[in-house]
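Overview (structure and organization)
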Amino acid sequence: MSTRSKAHSYPVQLVDLVLIELSNWRWSWRSIVVVSALVPLFSMVGLSVYARDLGSEALHTVFSGSLVMSLMFGNLGNIQSHLVFMRFQGTLEYFATLPIHKHTLMLAIIIAFFLLSFPALLTLLIIGSALLEISLAPHPLLLLVIPLCVLPMSAVGALIGVSVRNPQEGGSLSVLTTFLLAGLGPVLFPAERLPGLLNHIGVINPAARAASALRQTLIGPRSEQIALDLTILFGFTLCIFYVVGKKLDWRAGHTL
Amino acid sequence: MIVYDVQNLVKTYAGAAEPANKGISFQVRQGEIFGILGDNGAGKTTLIKQMVNLLASDSGEILLYGKSIAQDSLYLPSLVGYMPQESHALNQLTVGEALYYSAHLRGMTRRAAIDERNRLLKIWDMEDLRDHTSSRLSGGQRRLLRLAVATAASSKVLVLDEPTNDLDPQKRRLVWENLRRINRDRGTTIIFITHDALEAEKIIERVGILHQGELVVTGAPHILKRNLKNKLRLEIAFEPGRPPTLATDLVPRQLTATRWQLYLGQHQLGDVIAALDIDRLTDMKLSSATLEDLYFHYVDAV
């Protein structure tokens, strides 16, 4: 008697794929600890030295900006390098020969790396708020804000991962993009300290929008600005993932 | 029943002067063991990748059980198990995990996938490696794991790219025995590429010979061998010194300093043996033409 049925449902496939992707902790946990927790923590401490003189608003910006940096390193950088590895080492081909959709695989990768980067984010949140003497007042909206901050970073990482011609190009582009996102808008530096042009660019910069949303839901006060932040983060994610879906090498002639 | 119907496949890689495949057409029938032979760069892997829908053709079509593999994204993966030539997929999983997830993602229940994992570990002689991380396996062990992964959940068709490369003789024998058993017990259609023509001959039922992107011939080896003019292969070894003298105008090919090989017809055998300098003869082996001989015959004729 055959024990084989048709392909499993999406949720069943997703659980398997997330568990497979989580096995990446075996190679990535060291890099995640270093780049997602330690690097943002050191930069937070360094920037806070000057920010203390500028008042609490600046300190809050350094704090939320460092959290975004952690998300960028943990998700953008790692997803980029993972997808490049999958493309060049035959992993993507393996998955393409299974009865699964590539969107399920992509979602599994995002969830897995978010879960892997979450402890670093939490560590940074606790240690950072203690070091900078920031009183946290988390709002329930944070449950929506954190995924919406992670998704655009994952999307950018995925876009680089599916587009580059070799791993070296991927690594360079990932670092460049991280610094561009961190610099183009009020991410680590308060808006009033930036040139007007950077503040204009910052309106559509997902890192700036993520920092703003995190600041409002972790520290407060919240304003109508958060609706715009979340809308831009959601729209940006959709657009980038649409392009990723088109560009990802998969079964010949199929988009699913 | 026709399993694979490959129709006039053409594929040219970007920047390449010559097509990798030049209008390849053939069929594979249900329950058949079909071997693809060819020299390096003949287009074997290109052909296989098109057959498992990982590579788009410039023109032509591939039907699987009568349905185009391009029609439905999930149609082919639900029927075909594929073993790539090289892959580092699932490198971070243990051997047991890789087998379990492959079986489960191909549609088995969790309980059945566990049983399947245990069965595969046993038949592929990998029980001791169950908890080893794949990345720490040797090249041969990794190849065996890829093969085991391809056979997980008993796909109706197996497409294998060089299943025995890097394997020691004992493991090669295990592979051929298991493939023969899978074919016999489950009626699985098996299509594979190999350079190991001598060993593959033990299980191949039909063969396709690729040369420079063209399918030179397809057919059952025993039928194709009828086309050979000289059906016998004689290998002779002499003490170092002069080359062997033959009674006929046959020209032997020197394999080593002391060993020669020649092909001859049955009617020539008596004369050749009679003319050999028996005192200097150290070894002699007479066999019928092999799949490898068939391969050289067709490739040299092009």
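Residues numbered from 1 in each chain as written. Chains lettered and ligands numbered in written order. Predicted model: local features only at pLDDT ≥ 70, side-chain atom pairs only at ≥ 80, totals over all residues.

Some remarks on the environment of leucine 125 of chain A
Take leucine 125 of chain A: it is sitting in helix α5 (residues 102-131). Given 19 C-beta atoms within a 10 Å radius, leucine 125 of chain A is considered partly exposed. (Helix = DSSP H or I, 4+ residues; strand = E, 2+ residues; numbered from the N terminus. Buried ≥ 20, exposed ≤ 12 C-beta atoms within 10 Å, placed from the backbone.)

What to know about the sheet that holds strand β7 (residues 157-161) of chain B
Residue and element names in this part refer to chain B. Spatial strand order, β6-β7-β8-β3-β9-β10: 6 strands in an open sheet with mixed pairing. With partners counted over all chains shown, the strands left at the sheet margins are β6 (80-83) and β10 (214-219), one partner each. Averaged over neighbouring strand pairs, the angle between their axes works out to 15° when direction is ignored. Bridge analysis of strand β9 (residues 206-211) against β10 gives 5 bridges, and the strand direction is antiparallel. (Pairing = 2+ DSSP bridges. Axes fitted to C-alpha atoms, helices over the stretch in contact; angles between N-to-C directions.)

What to know about the environment of alanine 148 of chain B
Residues and elements named next belong to chain B. Secondary-structure assignment places alanine 148 in helix α4 (residues 139-151). For the pair alanine 148 and aspartate 279, spaced 131 residues apart in the sequence, the C-alpha separation amounts to 51 Å. Here alanine 148 is in contact with Leu99, Leu120, Trp124 and Met126, once residues within four sequence places are set aside. (Contact = placed C-beta atoms within 7 Å.)

Remarks on helix α2 (residues 25-51) of chain A
Residues and elements named next belong to chain A. At isoleucine 32, α2 shows its largest bend, some 35°. Along α2, the residues that are buried comprise Ser28, Ile32, Val35, Ser36, Ala37, Pro40, Met44, Leu47 and Ala51. Tucked into the core, α2 has its buried residues touching α3 (56-88) and α5. (Bend = angle between axes of the 7 residues up to and from the residue.)

Some thoughts on unusual backbone geometry
Excluding glycine, a negative phi dihedral is what most residues carry, and trans is how most peptide bonds are arranged. The step from glycine 220 of chain A to proline 221 of chain A runs through a cis peptide bond, and the omega angle for that step is -10°. Tracing the backbone shows proline 221 of chain A in the loop between α9 (206-218) and α10 (225-247). A positive phi is found at asparagine 53 of chain B, a non-glycine position, where the angle reads about 65°. By the secondary structure assignment, asparagine 53 of chain B is in the loop between α1 (44-51) and β4 (59-64). Here asparagine 53 of chain B falls in the buried class, since 25 other C-beta atoms lie within 10 Å of it. Despite not being glycine, tyrosine 65 of chain B shows a phi value in the positive range, around 50°.

Observations regarding the nonpolar core
Judged by nonpolar contacts, the single largest core of 144 residues is most densely connected at Val68 and Cys149 of chain A together with Val159 of chain B. Broken down by element, the residue count for this core peaks at 14 residues, all from α3 of chain A. Not counting the four nearest positions on each side in its chain, valine 68 of chain A is found in contact with Cys149, Val187, Ala207, Ala210, Ala211 and Leu214 of chain A. Core analysis: the next-biggest nonpolar cluster, separate from the first, contains 5 residues, Ile236, Phe238, Leu264 and Val272 of chain B among them. (Core = buried A, V, L, I, M, F, W, Y, C linked by C-beta atoms within 7 Å.)

Comments concerning the pairing of β9 of chain B
Residues and elements named next belong to chain B. Most of β9 is tucked away: 5 of the 6 residues are buried. Here strand β3 (residues 33-38) pairs with β9 via 5 bridges, running parallel. From the neighbouring strand, glycine 35 faces β9, where its bridge partner is valine 207. The antiparallel pairing of β9 with β10 creates a hairpin that spans 2 residues between the two strands, and glutamine 212 there sits at a positive phi of about 50°.

Considering the domain arrangement of chain B
Residue and element names in this part refer to chain B. As far as domains go, chain B holds domain 1 (2-79 + 156-219), domain 2 (89-146) and domain 3 (229-301). Once you take the C-alpha centre of each, domain 1 and domain 2 turn out to be 24 Å apart. Between domain 1 and domain 2, the contact holds 7 residues from the first and 7 residues from the second. (Domains from an automatic or database assignment.)

Some words on the packing of α3 of chain A against helix α7 (residues 167-183) of chain A
Residues and elements named next belong to chain A. Packing of α3 against α7 brings their axes to within 10 Å, and their N-to-C directions diverge by 160°. By the angle class used here, α3 and α7 are roughly antiparallel. Every pair of crossing elements has a handedness; the one defined by α3 and α7 is right-handed. Counted together, Met69, Met72, Phe73, Leu76, Gly77, Gln80, Ser81, Val84 and Phe88 of α3 and Pro167, Gly170, Gly171, Ser174, Thr177, Thr178, Leu181 and Ala182 of α7 form the full contact between these two elements. (Parallel < 35°, antiparallel > 145°, perpendicular 65-115°, else oblique. Left-handed = near helix turned anticlockwise from the far one by under 90°.)

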